[in-house]
Amino acid sequence: MKNAYQTLGVSPTDSMSEIKEAYRKLSIQWHPDKNTSPEAGHTFAQISGAYGVLSDPVRRAELDSKISQGLVEDINEVVARVVDSYLGSLCKT
């Protein structure tokens, strides 16, 4: 399973601007409106979930801690949490 860093092709030592740049490139490449391949939607969701983790300092620190302990977070769980969080925020408005 890939963790968020692996999904975006960046390392834990990369700056936020480097992470953002990688996210932008991948999201343009895999956006379902631009990419007609069957896996585009799933890949785009993984990319978005990974960026959601790495762009949040608290969640990034949690991931870094898990990596340093030898635990690798399943990106599918990350995506599920991001989607659940997003849908929950829509219901509150």
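Anyway, here's the lowdown on the structure attached to this text. (Residues numbered from 1 in each chain as written. Predicted model: local features only at pLDDT ≥ 70, side-chain atom pairs only at ≥ 80, totals over all residues. Heavy atoms only, no water.)

The N-to-C vectors of helix H3 (residues 40-54) and helix H4 (residues 57-68) enclose an angle of 95 degrees; their axes lie 6 Å apart at closest approach. For the element pair H3 / H4, the angle class is roughly perpendicular. For the pair H3 and H4, contact is made by Gly52, Val53 and Leu54 and by Arg59, Arg60 and Leu63, respectively. In the contact of H3 with H4, the residues fall into three nonpolar, one polar and two charged. (Axes fitted to C-alpha atoms, helices over the stretch in contact; angles between N-to-C directions. Helix = DSSP H or I, 4+ residues; strand = E, 2+ residues; numbered from the N terminus. Parallel < 35°, antiparallel > 145°, perpendicular 65-115°, else oblique. Contact = heavy atoms within 4.5 Å. Nonpolar A, V, L, I, M, F, W, Y, C, P; charged D, E, K, R; others polar.)

In terms of nonpolar packing, the biggest core is built from 16 residues, with Leu8, Val10, Ile19 and Leu54 touching the most fellow members. Taken together, the elements giving at least two residues each to this core come down to helix H1 (4-8), helix H2 (16-30) and H3. The dominant element in this core, judged by the number of residues it contributes, is H3, at six residues. If near-sequence neighbours (up to four positions away) are discounted, Val10 is found in contact with Tyr5, Glu18, Ile19, Ala22 and Leu54. (Core = buried A, V, L, I, M, F, W, Y, C linked by side-chain atoms within 4.5 Å. Buried < 20%, exposed > 50% of the residue type's maximum accessible area, 1.4 Å probe, protein only.)

In the structure shown here, the tally under the stated rule is one aromatic pair. Centroid distance Tyr23 to Tyr51: 4.2 Å. Interplanar angle 15 degrees. Geometry classified as stacked. Within this pair, whereas Tyr23 is found in helix H2, its partner Tyr51 is found in helix H3, the two being separated by 28 residues in sequence. Tyr51 matches Tyr23 in its accessibility class, with the two residues each being buried. (Phe/Tyr/Trp six-rings, centres within 6.5 Å; stacked < 30°, edge-to-face > 60°.)

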